[in-house]
Amino acid sequence: RKGQKMKKRTLFLLIALLLLSACGKQTMLETRPEKVNQTAAAIINFELPTGFGTDFATSVDGYSIVAYSHKNQSGHLYLIQSQNDADFDLLEQEMNKYVAGSGNVQDHRIIVETLPVHIDDQSAEVVISEDNNGDGQRYRQALVAFEGKGGPALLVFSTLTNDWDTNTLNALLESLNKEDK
């Protein structure tokens, strides 16, 4: 199924960015808000949820990642995109070791629900899950894979479970579009 293949590819993309950093690839983190927003706009247009601000952006070897965080509560928003479709087959072999549920990895995540959404003219699925963070606090996360302006992309939105607001997530998803204004 195309949607599942896209999800798998975008997960590999996230892991690839981490590996590029770990393998000594020079990555420059951009923290100036205008540059972070410019990188995000190259992936997809959207309305940033109230209370969120820029963290950083980086681009390396055809990969881009943008991070936002909530200023007063827990909460993170990540946009990730690849322009390098050819990388995914190589990554798949290596990354299968790190995908939750494979090998000796313990997966404590609970899938809360999977919802169909439309991003521009694309059908996609949002997977909402819960798990504990590194501090043992319960958090909820939404993942949606889609075709961004420059290639396969992934949106990751997470907050502590107590701070979760479905209306905020829905407004964010409804605002995603590729039209430049």
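Our structure is the block above this text.
Residues numbered from 1 in each chain as written. Predicted model: local features only at pLDDT ≥ 70, side-chain atom pairs only at ≥ 80, totals over all residues. Heavy atoms only, no water.

**Details of the overall build of the protein**
(1) Moving on: When you go through the protein residue by residue, the secondary structure sums to four helices and seven strands.
(2) Moving on: For the protein, the succession of helices and strands along the chain, N to C, is α-α-β-β-β-α-β-β-β-β-α.
(3) Moving on: Here the protein, with 181 residues, has 40% of them falling under the buried criterion.
(4) Moving on: Pairs at least 24 residues apart make up 50% of the contacts formed inside the protein by residues separated by at least 6 positions.
(5) Moving on: For the protein, the exposed surface amounts to about 10300 Å²; the carbon and sulfur share of it is 48%. (Helix = DSSP H or I, 4+ residues; strand = E, 2+ residues; numbered from the N terminus. Buried < 20%, exposed > 50% of the residue type's maximum accessible area, 1.4 Å probe, protein only. Contact = heavy atoms within 4.5 Å. Areas by Shrake-Rupley, 256 points an atom, 1.4 Å probe, with all protein chains shown as cover.)

**Details of the nonpolar core**
The nonpolar side chains of a soluble globular protein tend to be buried, and buried together.
(1) Moving on: Judged by nonpolar contacts, the single largest core of 27 residues is most densely connected at F46, V144, L155 and F157.
(2) Moving on: Look past the residues within four positions of V144 in its chain and what remains in contact with it is V117, I119, A124, E125, V126, A153, L154, L155 and L173.
(3) Moving on: The next biggest cluster of nonpolar side chains, apart from the first, holds five residues, and it includes I65, I80, A145 and V156. (Core = buried A, V, L, I, M, F, W, Y, C linked by side-chain atoms within 4.5 Å.)

**Focus on the sheet that holds strand β3 (residues 76-82)**
(1) Moving on: Within the open sheet, the seven strands sit side by side as β1-β2-β3-β7-β6-β5-β4. Their pairing is antiparallel. Two strands close off the open sheet at either side, each with one partner strand: β1 (52-60) and β4 (110-119). Strand-to-strand, the axes of this sheet are offset by a mean angle of 15°, without reference to chain direction.
(2) Moving on: Contacting β1, β2 (63-70), β3, β6 (138-148) and β7 (151-160), helix α2 (residues 33-43) runs over the sheet at an angle of about 120° to β2.
(3) Moving on: Across the sheet, helix α4 (residues 166-175) is in contact with β3, β4, β5 (122-132), β6 and β7; its angle to β7 comes to roughly 165°. (Pairing = 2+ DSSP bridges. Axes fitted to C-alpha atoms, helices over the stretch in contact; angles between N-to-C directions.)

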